[in-house]
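A look at the structure
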Amino acid sequence: MTDRPLAPTRAQLEDLEARHVAFLEARLRSPRAREEWRANVGAVLADLLRTPLGEVIEAQALGAAIEAALSRPLFDEIVRPALEQIAAEAHAHAMKAPDTIGTVVPPAARKRMEALLARPDVLPPKLIREIAVQDAAHEVMRDVLYDALKQFSERVNPFVADWGLPALLKKLGPFAGGLGKGLDGTRMEFERRLDPEIRRFLQGFSSKALRDMAESVITRGDTPPFVAFRQRLGSFLLEQRLSDVLLDATGTREAAAVGLDIAAHVLADEEMKKKRRALVDGWIAANASTPLGDIVAKWGLPRTPPAALIEALADATFPAFSAAIATPAAKQWLASVTAEFYDGITASDEPARAEG
């Protein structure tokens, strides 16, 4: 006789396996599991942050994942339509917002913005000079100077000004009749020639005026009037509603399309792919033996996340974990893992397995 207990039959093992799987499914989704998830996430994360990067991330796998996520087909089929829809909905919401932009800018941020706008280099000198050489700027300058010269000439023109020849002729009385007719002809000829002369003069002078204006803006950028001008523009922007400064729906859609076209081009560029891969491989190689916590600390983040943040993340992620466990695929996975254990047990009603 022997005190060794009898092994269960195959039917008993199959029943036990089914009960085991059902227990795991229920247990992993229970309120108790939620409390354990909340209590253990922090400990697991702390252990993970002490683990070297090379034990957590494989360079080849990470590089492949990044390229898969940034692939052109994925971008065109999923990311681009989603971003276009998000941009359209965000624009519609912003256009209805009643508050001004400044309502979301705290006093400290306003002071930082004023300090930034006080910098003379906030507008790059190269940009200012580029604006000054554009044809559109020349046309505007010519129109402004032309109107100014015309108004000035009308005020100082001796043929029409109150202080000029008309006033002198009035003093001459009846003796000025014939002389007045001669002067009228001279005035008409003068005005006929004046207009093309002004335009000819402005063809060259407007360019010089624009260059001088650009250099004046650059050299005087740190003077109080120019600083106040830039700061006033910033204040003006904060006083506006989003609907006052945004493009309309069509313009927003076109602007978003431009950005997405650029992104798609960058993602598809082979040289950019090589650079991304080299960057990932080089970063992992350089930090393979460095604990994750040290890497996080280099980025300016706390080496250990605050407990309140960990608890909040645990509460936020457990419902997703619970829902995942309830899916058919997860249930099948649990069943297959559990079956591996029970398949290794020999039932009492099965013949002994041959060894080696």
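Figured I'd write up the structure that's included with this text.

The rules we used
Residues numbered from 1 in each chain as written. Predicted model: local features only at pLDDT ≥ 70, side-chain atom pairs only at ≥ 80, totals over all residues. Heavy atoms only, no water. Helix = DSSP H or I, 4+ residues; strand = E, 2+ residues; numbered from the N terminus. Expected span 1.5 Å × (residues − 1). Bend = angle between axes of the 7 residues up to and from the residue. Buried < 20%, exposed > 50% of the residue type's maximum accessible area, 1.4 Å probe, protein only. Contact = heavy atoms within 4.5 Å. Patch = residues over 30% accessible without salt bridge, like charges linked within 9 Å, V, L, I, M, F, W, Y side chains within 5 Å. Areas by Shrake-Rupley, 256 points an atom, 1.4 Å probe, with all protein chains shown as cover. Salt bridge = Lys/Arg side-chain N within 4 Å of Asp/Glu carboxyl O. Lys, Arg positive; Asp, Glu negative; His and termini not counted. Charge placed at Lys NZ, Arg CZ, Asp CG, Glu CD. Axes fitted to C-alpha atoms, helices over the stretch in contact; angles between N-to-C directions. Parallel < 35°, antiparallel > 145°, perpendicular 65-115°, else oblique. Left-handed = near helix turned anticlockwise from the far one by under 90°. Nonpolar A, V, L, I, M, F, W, Y, C, P; charged D, E, K, R; others polar. Phe/Tyr/Trp six-rings, centres within 6.5 Å; stacked < 30°, edge-to-face > 60°. Lys NZ or Arg CZ within 6 Å of the ring centre and 35° of its normal.

Okay, helix α5 (residues 72–96) next. For α5, which comprises 25 residues, the first-to-last C-alpha distance of 34 Å matches the rise-based estimate of 36 Å (1.5 Å per residue) to within 8%. Of all the bends found along α5, the most pronounced is centred on Val 79 and spans about 40°, while Pro 81, a proline, follows it within four residues. Turning to α5, its buried residues are Phe 75, Arg 80, His 91 and Ala 94. The elements touched by buried residues of α5 are α12 (242–245) and α13 (249–268).

Together, Asp 135, Glu 139, Asp 143 and Asp 147 line one region of the surface with negative charge. Here Glu 139 lies in helix α8 (residues 135–156). For Glu 139, a relative accessible area of 48% gives the class partly exposed.

The next point concerns the environment of Pro 52. Mapped onto the fold, Pro 52 is located in the loop between α2 (31–49) and α3 (53–56). Apart from the residues within four sequence positions on either side, Pro 52 is in contact with Ala 288, Ser 289, Thr 290 and Pro 291.

This brings us to the packing of α5 against α13. The geometry of α5 relative to α13 is characterised by a closest axis approach of 10 Å and an angle of 155° between their N-to-C directions. Of the possible angle classes, the one that applies to α5 and α13 is roughly antiparallel. The chirality of how α5 crosses α13 is right-handed. When α5 is examined against α13, the residues Arg 72, Phe 75, Asp 76, Arg 80, Leu 83, Glu 84, Ala 87 and His 91 are found in contact with a partner set consisting of Ala 249, Thr 252, Ala 256, Ala 257, Leu 260, Asp 261, Ala 263, Ala 264, Leu 267 and Ala 268. Along the lines of polarity and charge, the residues of the contact of α5 with α13 split into eleven nonpolar, two polar and five charged.

How two helices pack is summed up by the angle between their axes together with the distance between the axes. In the contact formed by α13 and helix α14 (residues 270–287), the axes pass within 5 Å of each other and the chain directions differ by 70°. In this view, α13 runs roughly perpendicular relative to α14, as classed from their interaxial angle. Residues Val 266, Leu 267 and Ala 268 of α13 pack against Glu 270, Met 272, Lys 273 and Arg 276 of α14. For the contact of α13 with α14, the residue count by class is four nonpolar, no polar and three charged.

What follows covers α2. Each full turn of the α-helix corresponds to 3.6 residues, which orients residues three or four apart in the same direction. With 19 residues, α2 should reach 27 Å at 1.5 Å per residue; the first-to-last C-alpha distance of 28 Å fits that figure. At Asn 40, α2 shows its strongest bend, of approximately 35°. The inward-facing, buried residues of α2 contact α1 (10–28), α15 (292–298) and α16 (307–325).

What follows covers a nonpolar patch on the surface. Together, Met 95, Leu 237, Leu 242, Val 245 and Leu 246 make up a nonpolar patch on the protein surface, roughly 360 Å² of accessible area in all. You can see Val 245 is positioned in helix α12. Since its relative accessible area comes to 39%, Val 245 is described here as partly exposed.

Before going further, it helps to examine the packing of aromatic side chains. Any aromatic ring pair is given by two values, namely how distant the centres are and how the planes are angled relative to each other. Tallied over the full model, the rule gives six aromatic pairs. With a centroid separation of 4.7 Å and 25° between ring planes, the pair formed by Trp 37 and Phe 321 is classed as stacked. Here Trp 37, found in helix α2, pairs with Phe 321, found in helix α16; they are 284 residues apart in sequence, far enough to count as distant. The exposure class of Trp 37 is partly exposed, given its relative accessible area of 27%. With centroids separated by 5.0 Å and ring planes inclined at 20°, the aromatic side chains of Phe 201 and Phe 205 adopt a geometry described as stacked. You can see Phe 201 and its partner Phe 205 sitting in helix α10 (residues 177–219), four residues apart, about one turn around the helix. By way of ring pairs, the aromatic residues Trp 37, Phe 318 and Phe 321 are connected into one cluster. Positioned above the aromatic ring of Tyr 146 is the side chain of Arg 199, whose terminal nitrogen or guanidinium carbon lies 4.0 Å from the ring centre.

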